[in-house]
Amino acid sequence: MKTFLRQQLDRYAVRLQEIDFLLSREDIMSDMAQYRVLSREHAEVTQIAGRYARYQQREADLSNAQAMLDDPGLSDMAEMAEMASEEMADAQSELSQLEAELQRLLLPKDPDDVRNAFLEIRAGTGGDESALFAADLARMYTRYAEKVGWRCEIVSANESELGGYKEVVLRLAGDHVYGALKFESGGHRVQRVPATETQGRIHTSACTVAVLPEPDEAQAVQINPADLRIDTYRASGAGGQHINKTDSAVRITHLPTGIVAECQDDRSQHRNKAKALQVLSARIQEKERSERAAKDAATRKGLIGSGDRSDRIRTYNFPQGRWTDHRINLTLYKLNFIIEGDLDEPLTALRHAQEAEQLAELELGALP
């Protein structure tokens, strides 16, 4: 194990003792907010310290087994030598697994990773074909959500004449949704022969995707009501009988930023307003996040980049069956499976690329 990793891990044993002392104080329960913060940190630090203790134990086991093999007195004890060799092999295998696990545990965590997410898809260049591609992307993410057990609902949708989406906003709820999908934000380009093409020519069109963490209720209510303009209107679109009969759809404008959110999915104007407020809060927070990322990009260009939706991150080439993520130079010839919601391999590759980048930064920061 590299020296900088050991230095990081040694600190966790010390920190665990500090937290144990703080949690043992008689007055700790008088500040429940501080108690919850310390309790969460205690769980995280205990996990890392425990795995590191196991790593150190297996290192000792490996050293002892090696010492047995080096003992000249064992030359006539084949059974003992075989046992020592097996112990060494087992210890080396477990040490490799523990080191990889500890590296992941040490990486900085985004507190938003555990949150639900809003996924926005907007048609870009390409007209009707772009809107049809937006619908394909929405179905792709919806099917993946069903596969992993997330709940999925349409918050708002602006349909095109041919059945695609000019814009659609999905809410995905489940375990670590934002952490799994956050690298999907950016420009998605498609190359294929459109259904409207009569001469068989391949067209290129694009959509933009934005993945926003859903704020908790405390964050959502921090918006000043005086900064909002709320408009109601009659819902439109194919389907439900309530369409065009009641002013149930809601559009909310945040006047200081000009950010707009709308919802028309529910029969209830009250519930539509609540959903629109959630989306609005998420978009305001994303604006602040993007501004911070733009400042960071002046000194560092990470996997997410600036977070600008104009960044082209992905190409879906249907004639070749090729899917390419340009940020990590990954190409897979399984486009038909991916577009049907088989996203495990792409999402795993993106997560591993981020972990490698974070580990490199962690090592760089530990250098003198």
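What you see is a predicted model; the values in this text were computed from it and never measured.

Trainee: Outline the sheet that holds strand S7 (residues 249–254), listing residues and values.
Mentor: Read from one edge to the other, the open sheet built from three strands follows the order S6-S7-S8, with strand pairing classed as antiparallel. Each edge of the open sheet is held by one strand with a lone partner, namely strand S6 (228–233) and strand S8 (259–263). Each strand axis lies, on average, 15 degrees off the axis of its neighbour in the sheet, ignoring direction. Pairing of S7 with S8, which is carried by five bridges, proceeds in the antiparallel orientation. Of the residues in S8, the one forming a bridge with Ile252 is Ala261.

Trainee: Which residues make up the pattern of salt bridges, and what values do they have?
Mentor: Enumeration over the complete set of coordinates arrives at 34 salt bridges. Put simply, Arg327 and Asp325 hold a salt bridge, and the shortest N to O gap is 2.7 Å. Here Arg327 falls in the partly exposed class, since its relative accessible area comes to 22%. Taking relative accessible area as the criterion, Asp325 reaches 0% and is therefore assigned buried. Connected via shared salt-bridge partners are Glu129, Asp136, Arg139, Arg143, Arg192 and Glu340.

Trainee: Describe in detail the environment of Ser281, supporting the description with residues and values.
Mentor: Residue placement: Ser281 occurs in helix H7 (residues 269–296). Ser281 sits 22 residues away from Ile259 along the chain, and the two C-alpha atoms are 9.5 Å apart.

Trainee: Explain the pairing of strand S5 (residues 203–213) to me, using residue names and the numbers behind them.
Mentor: Relative to S5, strand S1 (residues 117–123) runs antiparallel, the two sharing seven bridges. Of the residues in S5, the one forming a bridge with Ala123 is Cys207. Taken together, the seven bridges between strand S4 (residues 186–192) and S5 define a ladder with antiparallel strand orientation. Looking across to S5, one finds that Arg189 is bridged to Ala206.

Basis of the calculations
- Residues numbered from 1 in each chain as written.
- Predicted model: local features only at pLDDT ≥ 70, side-chain atom pairs only at ≥ 80, totals over all residues.
- Heavy atoms only, no water.
- Pairing = 2+ DSSP bridges.
- Helix = DSSP H or I, 4+ residues; strand = E, 2+ residues; numbered from the N terminus.
- Axes fitted to C-alpha atoms, helices over the stretch in contact; angles between N-to-C directions.
- Salt bridge = Lys/Arg side-chain N within 4 Å of Asp/Glu carboxyl O.
- Buried < 20%, exposed > 50% of the residue type's maximum accessible area, 1.4 Å probe, protein only.

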